[in-house]
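Descriptive structure summary
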Amino acid sequence: MVADSDEIKAIREAIEAQAGTEDIAALPIPASTRAITVRADEQEMFEGLPSHEKDPRKSIHLDEVAVPELGPNEALIAVMASSINFNTVWTSIFEPLPTFAFLKRRGKMSELHARHDLPYHIMGSDAAAVVLRVGPGVTKWKPGDRVLVHCNDVDLQGPEGHNDSMLDAQQGIWGFETNFGGLSDISLVKANQLMPKPEHLSWEEAASGPLVSSTAYRMLVGKNGANMKQGDTVLVWGASGGLGGYAVQYVKNGGGIPVGVVSSEKRAGLVQAMGCERVINRSELPPFWSDEQTQDQRAWRALGKAIRSHTGGEDPDIVYEHPGRSSFGASVFVAKRGGTIVTCASTTGYKHEFDNRYLWMNLKRIIGSHFANYREAWEANRLTRLGMIHPIMSRSFPLEQTGEAAYQVHKNMHEGKIGVRVLAQEAGQGILDKETREKHIDEITLFQRLT
Ligand code: NAP
């Protein structure tokens, strides 16, 4: 058990008292602090085991680690809350490869980047936090600012990303491809990852959104993704999960028609409570794979029939894909002629197989998508701040129980998102805008109440 230092206690108390810039800037930064890590000398611990037997509770540690040195255009932040994303699961089971390879590569980029190459990896790609210090060159943010962090870490020194920062050759995901992620009392970020915190949300509700919400935004809204328009039918896999729960909201906000896929009646109820009337329980469909090598096209047709039963016979304009190998063949098959399959992941396996005749003869398109550029992340957060997109957090765990939280996500036992309270000692703290909260209280707390 790693205890709080006096410096950390003072930082927490100052934040709880809403201390101003000067007071926060005057607080000493401790030399070391608590952080959730995986360790390089354990990266072979699950060798030979199938994925489902790799247990994050064994690889995830709560350690005392050094606070990194602050560089130009960076900020040190006191993390009040973070969340579990699937990338934390990937890091903790060392799949598809140990993330130490990313840290080593990043470490070679410059003297400053060398800080990331350590024998431990501090994970976490979301944070609701308070700025403690800013490095040279930071103009927009100051100590005491209450912020949300998006996870697009990019320097933009080459031309590739100048129109779309996700295209930068050195782009990485903070807390996955970089060190010093959000599952730590004090974290290091680039100043351009910072966004204003939605003040009608608690620390953990706010922190549960940025990664999945921004990803869903890019996949569906605008020319970088599927460019959804009013009236489009969108098939949403995992509609009560992290990505899916936000997709349902973006589809509805944009005038589209979501058709959610889930694996239980309980989840169907959750998705319907979000206002997605059309739900398919995939456990009632025949399996798409009859064995590890063979897909059953009759099962694809059964999915298509189930979709049409909800849409008056129409096929989906857009299929929102992330399960990967298990569902991708069916996704390509069921998309409308001229429709779009937009994919950002391969949870069940990254070697997809589909029947290309259905793609080319029916003029369908597959779009690869990954997180979100600065602007998309900012727009997604703006919609949350306006009370148009809501958290789907079902519960939160204290930092000490991150291993259990990641285990639940790995095993598909959770609903929506799981928050992690880092410096916030209790759930429900950090809310300043009570009026907006009251207005949207039913939506904000939906997953907390119904799970
Ligand atoms: P999540 O909260 O675990 O949700 C995933 C959902 O997928 C589950 O709720 C589950 O719903 C469904 N699912 C699981 N196995 C399935 C299967 N065999 N067939 C169909 N559906 C299945 O995870 P998430 O946060 O949404 O992330 C999903 C994936 O996207 C992960 O691989 C993650 O790494 C990736 N991701 C990528 C990006 C990016 O920027 N590229 C960003 C975020 C996430 P049911 O069991 O109810 O059907």
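Figured I'd write up the structure that's included with this text. This one's a predicted model, so the numbers in the text were calculated from it and none came from an experiment.

**Looking at unusual backbone geometry**
Backbone torsion omega between Glu-95 and Pro-96 reads -10 degrees, so that peptide bond is classified as cis. Among the structural elements, Pro-96 can be located in the loop between helix H4 (86–92) and helix H5 (100–107). Phi at Asn-73 is positive, roughly 60 degrees, even though this residue is not glycine. For Asn-73, the position within the fold is in the loop between strand S2 (61–66) and strand S3 (74–84). Using a relative accessible area of 46% as the deciding quantity, one classes Asn-73 as partly exposed. Positioned with a positive phi, Phe-94 is a non-glycine residue whose angle comes to about 60 degrees. The residue Phe-94 is located in the loop between H4 and H5 in this model.

**Re helix H14 (residues 402–410)**
With 8 of its 9 residues buried, H14 lies for the most part within the structure. Of all the positions in H14, only Thr-402, Gly-403, Ala-405, Ala-406, Tyr-407, Gln-408, Val-409 and His-410 are classed as buried. On its buried face, H14 sits against strand S1 (32–39), helix H3 (56–59), S3, H4, strand S19 (393–398) and strand S20 (417–421). Backbone geometry just after H14 places Asn-412 at a positive phi near 60 degrees.

**So, the sheet that holds strand S13 (residues 278–281)**
Taken in spatial order, the 6 strands of this open sheet run S13-S12-S11-S16-S17-S18, and their pairing is parallel. Taken across any chain shown, the strands that pair with only one partner, and hence form the sheet edges, are S13 and strand S18 (365–368). Averaged over all adjacent pairs, the angle separating strand axes in this sheet is 20 degrees, with direction ignored. Each of strand S11 (233–236), strand S12 (257–262) and S13 touches helix H10 (residues 297–311); the most contacted strand, S13, lies at about 155 degrees to it.

**A short note on empty space enclosed by the protein**
Under the criterion given, the structure shown has 2 cavities of 30 Å³ or more. Along the wall of the largest cavity there are 17 residues; nearest its centre are Gly-209, Pro-210, Ser-213, Asn-381 and Thr-384. Counting only elements with at least two residues in the lining of the largest cavity, the list comes to helix H6 (203–207), helix H7 (210–220) and helix H13 (374–385). It is H13 that contributes the most residues to the lining of the largest cavity, 4 residues altogether. The class makeup of the residues in the lining of the largest cavity is 10 nonpolar, 6 polar and 1 charged. Residue assignment places the lining of the largest cavity across two domains, with domain 1 (6–195 + 391–450) and domain 2 (213–368) each supplying three or more. Each pocket or cavity is described by its volume, and for the second largest cavity that value is around 30 Å³. Taken together, Ala-3, Asp-4, Ser-5, Ile-8, Ser-32, Thr-33, Arg-34, Glu-64 and Asp-185 make up the full set of residues lining the second largest cavity. Taken together, the residues of the lining of the second largest cavity sort by class into 2 nonpolar, 3 polar and 4 charged.

**Describing H7**
Two residues of an α-helix separated by three or four positions point the same way, owing to the 3.6 residues in each turn. Summarising burial for H7: 11 of the 11 residues are buried, a large majority. Of the residues making up H7, those classed as buried are Pro-210, Leu-211, Val-212, Ser-213, Ser-214, Thr-215, Ala-216, Tyr-217, Arg-218, Met-219 and Leu-220. Downstream of H7 by one or two residues, Gly-222 has phi in the positive range, about 95 degrees.

**Quick word on the site of the ligand**
In the vicinity of the ligand, 26 residues are found, and the nearest of them are Leu-243, Ser-263, Arg-282, Thr-347 and Phe-371. Between the ligand and the protein, one listed contact pairs an oxygen atom with a side-chain N or O atom of Asn-412 at 3.0 Å. In the complex, the protein chains occlude 90% of the 910 Å² of accessible area that the ligand would expose alone. Only H4, H7 and helix H8 (242–253) provide two or more residues apiece to the shell around the ligand. Sort the elements by how many residues they give to the shell around the ligand and H7 lands first, with 3 residues. Of the residues assigned to the shell around the ligand, the class counts are 11 nonpolar, 13 polar and 2 charged.

**Here's the deal with the sheet that holds S1**
The strands that make up a sheet pair up through hydrogen bonds in the backbone, lying either parallel or antiparallel. Across the sheet, 3 strands lie side by side as S2-S1-S4; this open sheet has antiparallel pairing. Every other strand in the sheet has two partners, leaving S2 and strand S4 (120–122) as the edge strands with one partner each. When the angles between neighbouring strand axes are averaged without regard to direction, this sheet yields 60 degrees. Bridge analysis of S1 against S2 gives 6 bridges, and the strand direction is antiparallel. Residue Ile-36 lies in a different strand from S2, and its bridge partner there is Leu-62.

How each quantity is defined
Residues numbered from 1 in each chain as written. Predicted model: local features only at pLDDT ≥ 70, side-chain atom pairs only at ≥ 80, totals over all residues. Heavy atoms only, no water. Helix = DSSP H or I, 4+ residues; strand = E, 2+ residues; numbered from the N terminus. Buried < 20%, exposed > 50% of the residue type's maximum accessible area, 1.4 Å probe, protein only. Contact = heavy atoms within 4.5 Å. Pairing = 2+ DSSP bridges. Axes fitted to C-alpha atoms, helices over the stretch in contact; angles between N-to-C directions. 1 Å grid on protein atoms, 1.4 Å probe; cavity = no way out; pocket = protein on both sides within 12 Å on 5 of 7 lines; lining within 4 Å. Points joined across faces, edges and corners; volume = space filled by probe spheres on them. Nonpolar A, V, L, I, M, F, W, Y, C, P; charged D, E, K, R; others polar. Domains from an automatic or database assignment. Near = heavy atom within 4 Å. Polar contact = N/O pair within 3.5 Å; in protein donor to acceptor, adjacent residues only side chain to side chain. Areas by Shrake-Rupley, 256 points an atom, 1.4 Å probe, with all protein chains shown as cover.

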